[in-house]
Amino acid sequence: MRYLLLFVTYFAVCQSITAQAPKKLSSNQIFEKLEKFNFLGTVLYIAAHPDDENTRLISYFSNEVKARTVYLSLTRGDGGQNLIGPEIRESLGVIRTQELLAARNVDGGEQRFSRANDFGYSKHPDETLEIWDKEKVLADVVWAIRSLQPDIIINRFDHRTSGTTHGHHTASAMLSVEAFDLAADPTKYKEQLGYVDIWKPSRLFFNTSWRFYGSHEKFNKANKDKLLSFDIGVYYPQKGMSNNEISALASSQHLCQGFGRLSVRGSENEYVELLKGDFPKYKSNIFSGIDTSWNRVKGGEEIEKIVQPILQNFNFRDPSVHLPDLMRAYKMVNKIEDLYWKKSKEKELTDIIYACAGLYLEASANISATTPNGKVTVSMEVLNRSTADIKLQTIVYHPSDKKEVKNEKLISNNKRLFKGEISLENENLTSPYWLNDVGTIGMYTVKDQGLIGLPNTPRNIKISFELLIEGTLIVFTKDVVYRYAKRAKGELYQPFEVLPKVTASLKDEVLVFATNKSKEVVVSLRAGTDDIEGTVELTYAKGWSVSPKSTLFKIENRGEVVEFKFMVTPPENQSEEEISVIVKIDGEIYDKELIEIAYGHIPTQSVLKYSSAKVVRIDIKKKGNTIGYIQGAGDVVPESLEQIGYLVKRILPENISLKNLHDYDAIVMGIRAYNTVDELQFKQEILLEYVKNGGSLIVQYNTAGRRGVNVGAPYTLNISRDRVTDENAVVTFLDQKHPILNTPNKITTEDFKGWVQERGLYFPNQWSKEYIPILGMNDKGESMKKGSLLVASYGKGIYIYTGLSFFRELPAGVPGAYKLFANLLSYKK
């Protein structure tokens, strides 16, 4: 029974909660699924981050080889940058999780994770494994191997290249190499064995390429005795696409990382190097020597005798004619003794039967969310679009398991509609499970072994439809979703959520007090159900004060938002504390904020986190008042500057003109502006003319790809990939008397304490004599990097380029970052 709970969770949950329109398979797609059903082999691809995966190989093994293909990304990409919006850290991880699921929806793979937290760029795997907690992440890789039982494991990165690439990359390969053997050891991670058995994969490979050899020439000369190669440009007539076209579509789902790309066609080779296990007998077949037929399981030969004739004589015009044979195979699959193959193949065959029968089963809620003890009305649609003999026996409501006996024959294309009510009792909230408990900088806390690795939080609110097809009972279970329509977008789906009775949010995550003057703080309450009333208050630390102490509230309608105002007064001296919102209803305390993440390419995500804000009292001085901000990839630097009294006005690229820039005390370029805003190449002359006439231009970091980036600097400036990843790295003042370090705020080494994730990234490594480097810093064992903050006079004005991570430090409320940025804005020639 140990596999039963595990597989119900993995197969019924992992890939289903995309909350997009339900899949409706064509005959070609049904045939392809039947081919995969007839192949008993699994590939596990392992790397560190979303977008690390080689979608060419994942698509190839899934669509050409027909293997079950799973990508294990050790992290959710929380430490990356965001090209499409302001979300960073945990919220970015939520976006990237959904982008990975969207990619797998394209290339046919599946998705898993570990508990590792992407803490940002790491230069060595030793640092990575220390921050991650090696033993826990290694346990998660072993768990994935034991759960998925892969025959083949492929590492994206080389475990033998410590210190030459991203530490997360090398660490992912090192852990995979170690886990390959540990998964078969019954003395290791024994707590897992209550759920799964030990497992020994057959082969471990490294997905190599010419890049790992330094050049095409070196790769062509290299010994390839241990290498296998695959033409991943294979064309699929049934799809009307080639494998590399599918791959491009899959990788293009990583929009927040700017991975949208052109598709390619034609022959193209991928290579894998054998690391462990026996070498395949035939180099053209990675599974050579591994039985991937139905002979792999006891009684499987009888199933193959049914499936093979269907494949040979598949009726593309009317797949329902195969239902009698498929139902016979279904009964046999249910008798398989090997629980891994029983549950995986039962899930595959259930989907095939559903599609062949032309069934449409849907359960849609009348509202988008309810509370843990709420009620929801569910509308159900049941439709048989074939001439097969199908009866609806019973409808089962989950999680209560309440049954309604129907015993109705489903007449071809005659839609049946039903309504029912689900009453919940202390149901779990549906926020991302890995964010429910406090973690560390390198690890998320997940206490339930059954949850570890899942892409999404399991949904317990479902409807099961028990049908008799050709006299055999089969159950189809559907998540309850929220279906609605918008005039400009048409029919839309989103996950049905379980949310608190009330959520509270503060307008700002950081409140900066430059003086001891009180600030008005707005608390927004959002009702999760009708007719709630109680009190709302702010908790605060010693030295701070809040007025009023508490406020009564009453909200009549679910979804209604009501605002309440409090006055927060800081202490006289510098202080860093936290205020949080506490809502009390009938003796119960509610302290969560609801964050909705909505982008068109992923399902809407509802994230719950503690409703709090950092409050910072700092003595900060500034010159000037009005700042122009030209947005780049997306950040909240403007909001942060408003916290210290600046009036920040967003400037659209089309509005950049000398006349419009004239009245600003400084212009700030948002992060990656020159990477993402094409119009800037036509506006840079105007920006430099503004500087020449006496203005100040501050340019924040831009990424340097293989072709570099032109930031339109007035003098020679080469942006490199130099960075300092240690947020505690010692900072050296290269010109202690420079005004930027002295006016209007005196900057000391104390101002570089408390920084988060990194010092900065993509520093210039070459510049002309006109620039003055202000700061020096470096990671352990490296030479000093002097390009984090460069200042140059140009005409009557000032040009500043900085790779310092202000976009992280300001939202985190780092006092020294605020003081230094105020000095940048205040500096004049």
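Residues numbered from 1 in each chain as written. Predicted model: local features only at pLDDT ≥ 70, side-chain atom pairs only at ≥ 80, totals over all residues. Heavy atoms only, no water.

## Topic: the sheet that holds strand β40 (residues 771-773)
Pairing in this open sheet of seven strands is mixed, and the strands run β34-β33-β35-β36-β43-β42-β40 from one edge to the other. Each end of this open sheet is capped by a strand with a single partner; those strands are β34 (647-650) and β40. The average angle at which neighbouring strand axes cross in this sheet is 20 degrees, direction not considered. In this structure, β40 lies alongside strand β42 (residues 789-794), joined through three bridges in antiparallel fashion. Its bridge partner being in β42, Pro773 is matched across the sheet by Leu790. (Pairing = 2+ DSSP bridges. Helix = DSSP H or I, 4+ residues; strand = E, 2+ residues; numbered from the N terminus. Axes fitted to C-alpha atoms, helices over the stretch in contact; angles between N-to-C directions.)

## Focus: the environment of Leu824
Take Leu824: it is sitting in helix α18 (residues 815-826). Leu824 sits 372 residues away from Ile452 along the chain, and the two C-alpha atoms are 45 Å apart. Aside from chain neighbours lying at most four places away, what touches Leu824 is Ile698, Ile740, Leu789, Ile800 and Phe806. (Contact = heavy atoms within 4.5 Å.)

## What about the sheet that holds strand β18 (residues 481-486)?
Taken in spatial order, the five strands of this open sheet run β15-β12-β10-β18-β19, and their pairing is mixed. The sheet terminates laterally at β15 (416-423) and β19 (490-495), the two strands that pair on one side only. On average, each strand axis in the sheet is tilted by 40 degrees relative to the strand beside it, whichever way the strands run. The pairing of β18 with β19 spans six bridges and is classified as antiparallel. The residue of β19 that forms the bridge with Arg483 is Tyr493.

## Things to note about the nonpolar core
With 78 residues, the main nonpolar core has Ile667, Met669 and Leu775 as its most contacted residues. With residues near it in sequence (within four places) discarded, Leu775 still touches Val731, Thr732, Phe733, Leu734, Leu741, Phe752, Lys785, Lys786, Ser788, Leu789, Leu804 and Leu820. (Core = buried A, V, L, I, M, F, W, Y, C linked by side-chain atoms within 4.5 Å. Buried < 20%, exposed > 50% of the residue type's maximum accessible area, 1.4 Å probe, protein only.)

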